[in-house]
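Structural description and commentary
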Amino acid sequence: MSGSAADSGSDFGRDLLLRAIEGTAPDEHPVRHVEHLPPRRSEHRDWPQWADPSIVAAFAERGVGTPWSHQAAAADLAHAGRHVVLSTGTASGKSLGYQLPILTALAADPRARALYLSPTKALGHDQLRAAQALTDAVPSLRDVAPSAYDGDATTDLRRFARERSRWIFSNPDMIHLSLLRNHARWAVFLRNLQFIVVDECHYYRGIFGSNVAMVLRRLLRLCERYSGSPTVFFASATTAAPAETASELIGQTVTAVTEDGSPQGGRTVALWEPALLDDLVGENGAPVRRSAGAEASRVMADLMAEGARTLTFVRSRRGAELTALGARTRLEQVA
């Protein structure tokens, strides 16, 4: 859990943590560690000289005066044709790091193509809307026609994406089920594919990660067969070894950009462990803790009662619904 405020540093976070602890039972001691992180100033860079001026103007119209240092560094590497993984914090603007080189390439070469992959449809559609807004704002990119190619797309939309779109938004499963097994129909796309974006690549672990790695490696082999040579851009949350993780996915060297140049307010970060339950034991008498979902809903409600904007991350839609219901019940009791 964390709280931040630009004017008062991490005092706001400290106060919220105290309120959350007060909401627990007297005999509970859920906090295992607390870290107070100081605010961080932003670090900007000039727009790269290779960036298309009309695209820079489109970003400026959306409030991006100059890129942050990590955005510029990742964009430079991708533009130079080097596989790169951008691993910085949430809301640090990782999207601009790949949007800038992709849009510049699409504007310079009318045959150029790009492919965006994400683990969830919601994220993919969000990025699709951003790409549509940018391409609509630049006259030379009006023919890009960013399109979704997923299970929700109709047959006509899929045909349009394959034949007309220059920037397709999809997911690894759809690439496996459709593009790879029918690669001859995608020959033009594969031949001219210049960039592959793999968003939220930290999701691809275990068996799921192995399957995605095989899909990506086969995709790159097919591009080579059709004389294509795309650059892969990975975007990831902060992890211990982003370059190694990304390299394992495609079997090639990937350069990591991890120095976050975005601004950040002071933060208070607490490691919170749910309390043990007195009336329930597990197998062979093992102690059982309160579920993370129940604890999250309780903490969330207590923070909301203090007027704090609160965001709770869970692993499933069902978990989100249960957490919301639990928070509502708690608010009915305390606020």
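Just so it is clear, the model here is predicted, and its values are computed rather than measured. (Residues numbered from 1 in each chain as written. Predicted model: local features only at pLDDT ≥ 70, side-chain atom pairs only at ≥ 80, totals over all residues. Heavy atoms only, no water.)

1. Examining the environment of histidine 29
So the rule is basically this: Note on conventions: DSSP H or I runs of at least 4 residues are helices, E runs of at least 2 residues are strands, and numbering of each starts at the N terminus. Each residue gets one of three labels from its accessible area relative to the maximum for its type: buried under 20%, exposed over 50%, partly exposed in between, using a 1.4 Å probe on protein chains only.
As for its placement among the helices and strands, histidine 29 is situated in the loop between helix H1 (11-22) and strand E2 (31-37). For histidine 29, a relative accessible area of 58% corresponds to the exposed category. Residues histidine 29 and serine 92, spaced 63 residues apart in sequence, show a C-alpha to C-alpha distance of 33 Å.

2. What to know about the sheet that holds strand E7 (residues 193-198)
Which entries qualify depends on this criterion: Two strands qualify as a pair provided DSSP detects at least 2 bridges between them. Only heavy atoms enter the contact rule, under which two residues are in contact if any of them lie within 4.5 Å. Interaxial angles span 0 to 180 degrees and are taken between N-to-C directions of axes, which are lines fitted to C-alpha atoms, for helices over the stretch in contact.
Strand order in the open sheet formed by 7 strands is E5-E6-E4-E7-E8-E3-E9, and the pairing between neighbours is parallel. Looking at the sheet topology across the chains shown, the edges are occupied by strand E5 (147-148) and strand E9 (255-257). Lying over the sheet, helix H4 (residues 94-108) contacts strand E3 (84-87), strand E4 (113-117), strand E6 (167-170), E7 and strand E8 (231-236), oriented at roughly 165° with respect to E7.

3. Describing the nonpolar core
The cut-off we apply is this: By nonpolar core we mean a set of buried residues, namely Ala, Val, Leu, Ile, Met, Phe, Trp, Tyr and Cys, connected to one another through side-chain atoms within 4.5 Å.
Counting residues in hydrophobic clusters, the biggest one holds 35 residues, and the most contacted among them are Phe59, Ile102, Trp167 and Phe233. Every element with two or more residues in this core is listed here: helix H2 (53-61), helix H3 (69-79), E3, H4, E4, helix H5 (121-137), E6 and E7. Ranked by residues supplied to this core, first place goes to H4 with 7 residues. Setting aside anything within four residues of it in sequence, one finds isoleucine 102 in contact with Ala114, Trp167, Phe195 and Val197. The next biggest cluster of nonpolar side chains, apart from the first, holds 34 residues, and it includes Tyr149, Val215, Leu216 and Val232.

4. Quick word on unusual backbone geometry
Of note in this structure, alanine 91 is not a glycine but carries a positive phi near 65°. Within the fold, alanine 91 resides in the loop between E3 and H4. At serine 227, a residue that is not glycine, the phi angle is positive and equals roughly 70°. The exposed category is assigned to serine 227, whose relative accessible area is 64%.

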